[in-house]
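As a plain string of letters, each chain reads:
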Amino acid sequence: MFGIRDDWRRLCAADDMQPKRQHVKVSFANGRSHSVRVQDAPDGYLLTAVVADADIVDQWDHLYREAWEKNRHSRLVGFRIDGEGRMTAHGWTPKEGLTAETFQTLVRAVAREADRYEFQLTGADRR
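A few points on the structure. Computed from a predicted model, the values in this text were never measured in an experiment.

## Observations concerning the side chain of Thr93
And step 1. Residue position: Thr93 is located in strand β6 (residues 87-94).
And step 2. Overall, the relative accessible area of 8% leaves Thr93 in the buried class.
And step 3. Discounting chain neighbours no more than four positions away, the residues touching Thr93 are Asp43, Gly44, Tyr45, Leu98, Phe103 and Leu106.

Rendered as structure tokens:
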């Protein structure tokens, strides 16, 4: 698929990925899973996954600084508080030259980091 702009659902052809509507559910070997939203832009894909809802974010005074610290040390997945007050993980990739392997790597990274942070904040598997 190198160099071909393709429908992102076809890029998710893997046993651990289940695309549905605008999301792909990534399953992990430990039984956990996390849902990643795929936003199709003209030149790329924005991937976002909810880490914690606003009610959880409001309970942590240091969460903004903690997200900033995580972002300083990461090049692939970033964290932010969205317009609804939720903590989200995000990643972006251009479509040009995108392979299934590269797309899957990014989707898995966003899902894994969101799931890990969700567990640290809540101790649960909500997504």
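## What about the sheet that holds strand β5 (residues 78-81)?
And step 1. Sheet architecture is open: six strands sit in the order β1-β2-β3-β4-β6-β5, paired in antiparallel fashion. Of all strands in the sheet, those bounded by a partner on one side alone are β1 (17-20) and β5. Taken pair by pair, the neighbouring strands of this sheet meet at an average axis angle of 30 degrees, ignoring direction.
And step 2. Where β5 and β6 come together, four bridges link them in antiparallel fashion. Across the sheet, the residue bridging to Phe79 is Ala89, located in β6.
And step 3. Across the sheet, helix α3 (residues 63-72) is in contact with β5 and β6; its angle to β5 comes to roughly 155 degrees.
And step 4. The strands touched by helix α4 (residues 100-122) within the sheet are β1, β2 (23-27), β3 (33-40), β4 (44-52), β5 and β6, with β4 carrying the most contacts at an inclination of about 15 degrees.

## Section: the packing of aromatic side chains
And step 1. One pass over the structure, following the stated rule, counts two aromatic pairs.
And step 2. With 5.3 Å between their ring centres and 65 degrees between their planes, Tyr45 and Phe103 make a pair best called edge-to-face. Residue Tyr45 is located in strand β4, and its partner Phe103 is located in helix α4; the two are separated by 58 residues in the primary sequence.
And step 3. For Phe103, a relative accessible area of 0% translates into the label buried.
And step 4. On the basis of an interplanar angle of 85 degrees and a centroid distance of 5.1 Å, the ring pair of Phe79 and Tyr117 is categorised as edge-to-face. Taken together, the positions of Phe79 in strand β5 and Tyr117 in helix α4 put the pair 38 residues apart, joining distant regions of the chain. In this structure, Phe79 and Tyr117 share a single accessibility class: buried.

So, how was this worked out
- Residues numbered from 1 in each chain as written.
- Predicted model: local features only at pLDDT ≥ 70, side-chain atom pairs only at ≥ 80, totals over all residues.
- Heavy atoms only, no water.
- Helix = DSSP H or I, 4+ residues; strand = E, 2+ residues; numbered from the N terminus.
- Buried < 20%, exposed > 50% of the residue type's maximum accessible area, 1.4 Å probe, protein only.
- Contact = heavy atoms within 4.5 Å.
- Pairing = 2+ DSSP bridges.
- Axes fitted to C-alpha atoms, helices over the stretch in contact; angles between N-to-C directions.
- Phe/Tyr/Trp six-rings, centres within 6.5 Å; stacked < 30°, edge-to-face > 60°.

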